[in-house]
Amino acid sequence: LWGLWYYHMNRFQVRRACGLADQLLEVGLQRNDEALRLEAHHCQWASRFLVGEPGAALEHAGQGLQLYRAEDHHALSFTYGGHDPGVCARGVSALSLWLTGYPERAREHSDAAFSLVRKLGHSGTLANATDTRLHLSMFQRDKRAVAQHAETLLELAQVGREQDYKSLANAARGWAMFAEGKRESGLGMMRESVQSQIMRDPWNAALISLMAVALGQHGDVDEGMELVEELLRLSQRDEVHWWEAELHRVKGELLLVGKPDDPSSAEVCFKQAIEIARVQSAKSLELRAAVSLARLWQDQGNSGEARDLLAPVFEWFTEGFETAELKDAKALLKQLS
C-alpha cells in the first residue's frame, strides 16, 4: 500500500494518494503497530498538505509526533521515503502553520526540525529539512534566507546527485539574485530551471509564483502569465490546491501590469484568491490577497470598502507582527484610515 501511495504521489495524483493514506492508517490501527501508524500519518500529512488541507496536515503531523521516538523510528527512514518521519512532521507543520497564520510557531517547528537533524546526522533527512526551510523562506519572500538555504541545498544535492534538488536550488538562487538587483543573471538562472522537472512538481508552486512575479516586474508579463496559467491548469488536473490562492493573486497582479486599463479582471482574481484561502483557512494567503484587493480599491477611490475588507483579516492575527506581510498590511490600513 505504501508503494502505491508513493507511486501516485510521484505522479501528482494526490487525491488518489489521500485515499491510499486512509487505507494505510486503517492497517496501522488494525495491527496496533506504532511504526505503521506513524508512517500512515506521514503519508497523510504529505497528501493533505498538497490538496490544500493545512489543518488536516497539522493534525496528522501532531499525531505522528506523539508516536515518534527517534531511537525506535529513525530506522524507518531507510524503508519509507529516505528521510526521518519526525523531522518531516516538524517541517510540514512549519509550512502548515505559516499558511494558517502562525509565522512565529512555524519558525519554532522549523528550528526543532533542524535540532533533530543535527542529532540524527542523516544526509537524506538534512536535505529534506533544508528543502522545507527553503520553502518557508520563499513563503516569506526573504531573499537573503532563500539564497542561504538554496546554496546549502545545492551543496547537498551535488553530494547526493539529486537533480531535482539542483534545479530547485538553482531556480531559488536565481530569484534571490533578481531580488537583490542582479536581474539579468537571476532571470537567466530561473529560465534555465523552468525547463526542468521543477515545473511539474506541485511542491514547487511557491517558487514558480515568485518567478512569475519577477518576470512581470521585468516587463515580461506574458511569460509570467504563462507560468501561472500552467500551474493553475495542473492544480485543477491533479487536485493540488495548496498554493492555488496565491496563484490567483499573482495572476491578478500580472493582469494589473499588463492591462492597467482593465482592473476588473484583476479584481476577480483577487476575490477568487480570498475565497480559496478562506475555504482552506490559509490566513496568510488570505491576508496577501486582501492587501492586493484593498490596494486596488484604494486606487479606485474606495478606501472605506478597502479598510472594511482588510481590517478584520489583519486583526485576526495574534503573532508575526514584525513580518513583512503584517507590516505591509498595517501600513496600508493606516493609509486607509
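See the structure printed just above.
A short tour of the structure in this document, coming up. (Residues numbered from 1 in each chain as written. Predicted model: local features only at pLDDT ≥ 70, side-chain atom pairs only at ≥ 80, totals over all residues. Heavy atoms only, no water.)

Quick word on the overall build of the protein chain
Right, on to step 1. Helix and strand content of the protein chain: 18 helices and 0 strands.
Right, on to step 2. Here the C-alpha atoms of the protein chain give a radius of gyration of 20 Å, agreeing with the 20 Å that 2.2 N^0.38 yields for 337 residues.
Right, on to step 3. Its C-alpha atoms give the protein chain principal-axis dimensions of about 65 × 40 × 35 Å.
Right, on to step 4. Looking at the protein chain as a whole, 55% of its 337 residues qualify as buried.
Right, on to step 5. Long-range pairs, those at least 24 residues apart, make up 62% of the contacts in the protein chain with a sequence separation of at least 6.
Right, on to step 6. Of the roughly 15,000 Å² of accessible surface on the protein chain, a fraction of 47% belongs to carbon and sulfur atoms. (Helix = DSSP H or I, 4+ residues; strand = E, 2+ residues; numbered from the N terminus. Rg over C-alpha atoms; globule rule 2.2 N^0.38 Å. Buried < 20%, exposed > 50% of the residue type's maximum accessible area, 1.4 Å probe, protein only. Contact = heavy atoms within 4.5 Å. Areas by Shrake-Rupley, 256 points an atom, 1.4 Å probe, with all protein chains shown as cover.)

Re helix H14 (residues 244–258)
Right, on to step 1. Look at H14: 21 Å from first C-alpha to last across 15 residues, which is about the 21 Å you get at 1.5 Å a residue.
Right, on to step 2. What H14 keeps buried is the set Glu-244, Ala-245, Glu-246, Leu-247, His-248, Arg-249, Val-250, Lys-251, Gly-252, Leu-254 and Leu-255.
Right, on to step 3. As for H14, its buried residues are in contact with helix H12 (205–217), helix H13 (221–238), helix H15 (263–280) and helix H16 (283–299). (Expected span 1.5 Å × (residues − 1).)

With respect to the packing of helix H10 (residues 163–179) against helix H11 (residues 183–194)
Right, on to step 1. Interaxial distance between H10 and H11 falls to 7 Å at its minimum, and their mutual angle equals 155 degrees. It follows that H10 is roughly antiparallel to H11 by the angle criterion. In this structure, H10 meets H11 at a crossing whose hand is left-handed. Judged by residue contacts, Ser-167, Asn-170, Ala-171, Arg-173, Gly-174, Trp-175, Met-177 and Phe-178 of H10 engage Arg-183, Ser-185, Gly-186, Leu-187, Met-189, Met-190 and Ser-193 from H11.
Right, on to step 2. Its residues assigned to classes, the contact of H10 with H11 shows 7 nonpolar, 6 polar and 2 charged. (Axes fitted to C-alpha atoms, helices over the stretch in contact; angles between N-to-C directions. Parallel < 35°, antiparallel > 145°, perpendicular 65-115°, else oblique. Left-handed = near helix turned anticlockwise from the far one by under 90°. Nonpolar A, V, L, I, M, F, W, Y, C, P; charged D, E, K, R; others polar.)

With respect to helix H7 (residues 103–120)
Right, on to step 1. Between its terminal C-alpha atoms H7 stretches 26 Å, which fits the 26 Å expected from 18 residues at 1.5 Å a residue.
Right, on to step 2. Among the residues of H7, those classed as buried are Pro-103, Ala-106, Ser-110, Ala-113, Phe-114, Leu-116 and Val-117. Angularly, the buried residues of H7 cover 160 degrees about the axis, an arc narrow enough to put them on a single face. Of the exposed residues in H7, those oriented more than 90 degrees away from the buried face are Glu-108, Arg-118 and Lys-119.
Right, on to step 3. Check the buried side of H7 and you find it contacts helix H5 (70–73), helix H6 (85–99) and helix H8 (123–139).
Right, on to step 4. Residue Gly-121 follows H7 closely and has a positive phi angle near 65 degrees. (Arc of directions from axis to C-beta.)

Concerning the nonpolar core
Right, on to step 1. One finds Trp-5, Phe-139, Trp-242, Trp-243 and Leu-310 to be the most contacted residues of the largest nonpolar core, which totals 111 residues.
Right, on to step 2. When neighbours within four sequence positions are excluded, Trp-243 is seen to be in contact with Trp-98, Leu-99, Phe-139, Ala-205, Ala-206, Ser-209, Leu-285 and Arg-288. (Core = buried A, V, L, I, M, F, W, Y, C linked by side-chain atoms within 4.5 Å.)

Description of the pattern of salt bridges
Right, on to step 1. Throughout the structure, instances matching the rule amount to 24 salt bridges.
Right, on to step 2. Measuring nitrogen to oxygen at the nearest pair gives 3.5 Å for the salt bridge that ties Glu-53 to Arg-48.
Right, on to step 3. A relative accessible area of 27% means that Glu-53 is categorised as partly exposed.
Right, on to step 4. The exposure class of Arg-48 is buried, given its relative accessible area of 12%.
Right, on to step 5. Here Arg-288 makes a salt bridge to Glu-246, at a shortest N to O gap of 2.9 Å. Here Arg-288 is found in helix H16, whereas its partner Glu-246 is found in helix H14, with 42 residues between them in sequence.
Right, on to step 6. Note on Arg-288: relative accessible area 4%, which makes it buried.
Right, on to step 7. A relative accessible area of 2% places Glu-246 in the buried class. (Salt bridge = Lys/Arg side-chain N within 4 Å of Asp/Glu carboxyl O.)

Here's the deal with the side chain of Glu-244
Right, on to step 1. With respect to the helices, strands and loops of the structure, Glu-244 is situated in helix H14.
Right, on to step 2. No salt bridge is formed by the buried Glu-244; its nearest oppositely charged neighbour, Arg-15, is found at 9.3 Å.
Right, on to step 3. A polar contact of 2.6 Å, which involves the side chain of Glu-244, links it to the side chain of Gln-236.
Right, on to step 4. A distance of 2.6 Å separates the side chain of Glu-244 from the side chain of His-241, its partner in a polar contact.
Right, on to step 5. Discounting residues that sit within four places of it in the chain, Glu-244 has contacts with Leu-232, Ser-235, Gln-236 and Ile-276. (Lys, Arg positive; Asp, Glu negative; His and termini not counted. Polar contact = N/O pair within 3.5 Å; in protein donor to acceptor, adjacent residues only side chain to side chain.)

Side note on the packing of H16 against helix H18 (residues 324–336)
Right, on to step 1. Running from N to C, H16 and H18 point in directions that differ by 30 degrees, and their axes come no closer than 10 Å. Classed by the angle they form, the pair H16 and H18 counts as roughly parallel. Helix-helix and strand crossings are classified by hand; for H16 and H18 the assignment is left-handed. Between H16, through Leu-287, Arg-288, Val-291, Ala-294, Arg-295 and Gln-298, and H18, the contact on the second element is made entirely by Glu-325, Leu-326, Asp-328, Ala-329, Leu-332, Gln-335 and Leu-336.
Right, on to step 2. Tallied by class, residues from the contact of H16 with H18 come to 7 nonpolar, 2 polar and 4 charged.

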